[in-house]
Amino acid sequence: MVSSLTQALDDIVKDGDPVISVAPVRLSAPDRPVPLDVRISAPTSGTNLPIVLFSHGNGWNLDGYAPLTAFWASREFIVIQPTHLDSRRNGFGFNDPVFPTIWTERIADLTRILDQLDTIEQAVPGLDGRIDRSRVAVAGHSWGAQTAQTLLGARIFDESGQVGSSMADSRVTAGILFAATGVGGDDLHPFAQANFPFMRPSFQELTVPTLVIAGDRDQSKMSSRGPDWFTDAYTHSPGATDLLSFYGAEHSLGGIVGYEVAETTDENPERVAIIQQMTTAYLRSALHIDASSWPAARNAFKNSTSPIGRSDNK
């Protein structure tokens with residue numbers, strides 16, 4: 001039963017602590033079309049806390065993805081969420097002159113956050129001196145996964161077919177990619193080919209330890225490929241060593257964007273609970289809180305008597 005898996009994972013990731021969350025916190029971004037605001041969430045206790053940057057999907061903002069970000073923050077992580085330029089709050093549509101550069105501004109937003117950790121530390125009461133800046137993970141969903149994977153080392157093929165320069169950040173040492181778009185080429189629909197240069201990724205340069213999460217019913221409108229398109233980061237990247245594929249899951253993976261959110265076409269609170277626990281276990285191991293967390297969670301997932309998904313690793 002899923003409930004037995006949930007219990008097994010609860011024993012691995014432990015109970016959570018109360019969380020304090022502060023937003024909006026405005027960071028310096030002088031060349032940005034609009035100010036950069038972030039949400040900072042942290043446990044009320046603990047020291048030497050690792051950092052998780054989270055990049056939202058298209059149209060969202062710093063208030064989204066609480067099922068993930070609040071859960072991580074309660075389990076000993078500082079979670080920082082920007083509102084990227086594509087947020088519906090900003091109103092930059094496909095025809096806006098700003099739109100073609102939004103994908104690079106998304107990447108810059110995450111770098112700006114890492115450059116301004118002093119400001120972030122001072123913005124949250126009681127956080128001063130509790131951040132471990134040497135342990136940083138980046139995560140993202142959908143377009144946010146593309147943003148995150150760039151900091152992990154993935155590059156972009158240009159129009160001539162050459163691999164572009166690296167935009168990786170050496171401060172990032174682990175990653176989680178939720179529903180990350182796959183390789184480009186002729187499988188991309190014409191609209192995506194014309195408007196989304198970031199949908200031509202090269203994963204060969206992604207060498208940082210990464211977990212990929214996908215749904216086996218996630219059919220993109222941007223590609224003629226099936227749901228396996230969202231596993232390409234695992235298939236083609238030397239750094240993405242682990243893949244979780246959830247049965248029956250569509251693009252929101254059961255509701256990671258938020259509880260009762262309209263765009264969730266496959267609402268499944270049990271699946272979200274498993275994703276919360278599995279990703280927490282991965283972060284605990286990847287960011288050196290507990291090396292045994294991820295192997296134990298992966299074994300529990302694989303050995304479940306009522307499988308909710310498939311685990312692969314290499």
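The name given to the protein chain in an unreviewed UniProt entry is Alpha/beta fold hydrolase, with Candidatus Agrococcus pullicola as the source organism.

(A) Region of the structure containing the packing of aromatic side chains. Tallying each qualifying case throughout the model produces 17 aromatic pairs. On the basis of an interplanar angle of 80° and a centroid distance of 4.8 Å, the ring pair of Phe 94 and Phe 99 is categorised as edge-to-face. Clustering of aromatic rings is evident, with ring pairs tying together Phe 94, Phe 99, Trp 103, Trp 143, Phe 191, Phe 196 and Phe 198. Between the NZ or CZ atom of Arg 88 and the centre of the ring of Trp 60, over which it lies, the distance is 5.7 Å. Here the basic side chain of Lys 314 rests over the ring of Tyr 234, its NZ or CZ set 4.5 Å away from the ring centre.

(B) Structural view of unusual backbone geometry. Note that the residue after Ala 23, namely Pro 24, is joined by a cis bond; omega there is -5°. Considering the arrangement of structural elements, one finds Pro 24 in strand 1 (residues 19–27). A positive phi is found at Ala 179, a non-glycine position, where the angle reads about 50°. Looking at the element boundaries, Ala 179 is found in the loop between strand 7 (174–178) and helix 6 (190–195). For Ala 179, a relative accessible area of 0% translates into the label buried. Even without being a glycine, His 288 presents a positive backbone phi close to 65°. Along the chain, His 288 falls in the loop between helix 8 (269–286) and helix 9 (293–302).

Cut-offs and rules
- Going along each chain's sequence as written, the residues are numbered from 1 onward.
- Confidence filtering applies because this is a predicted model: local features only for residues at pLDDT of at least 70, side-chain atom pairs given and counted only at 80 or more, and all residues used for totals across whole chains, interfaces and linings.
- Note that water and hydrogens are dropped before the side-chain values are worked out from all heavy atoms of the structure.
- Any two of the Phe, Tyr and Trp rings considered here, Trp counted by its six-membered ring, make a pair once their centres fall within 6.5 Å; the pair's planes then place it as stacked at under 30 degrees, edge-to-face at over 60, or tilted in between.
- Two conditions define a charge located above a ring, namely a distance within 6 Å from the ring centre to NZ of Lys or CZ of Arg, and an angle within 35 degrees of the ring normal.
- Comment: elements are numbered from the N terminus, with helices defined as DSSP H or I runs of at least four residues and strands as E runs of at least two.
- In this scheme, a residue with accessible area under 20% of its type's maximum is buried, one over 50% is exposed, and one in between is partly exposed, where area comes from a 1.4 Å probe on protein chains only.

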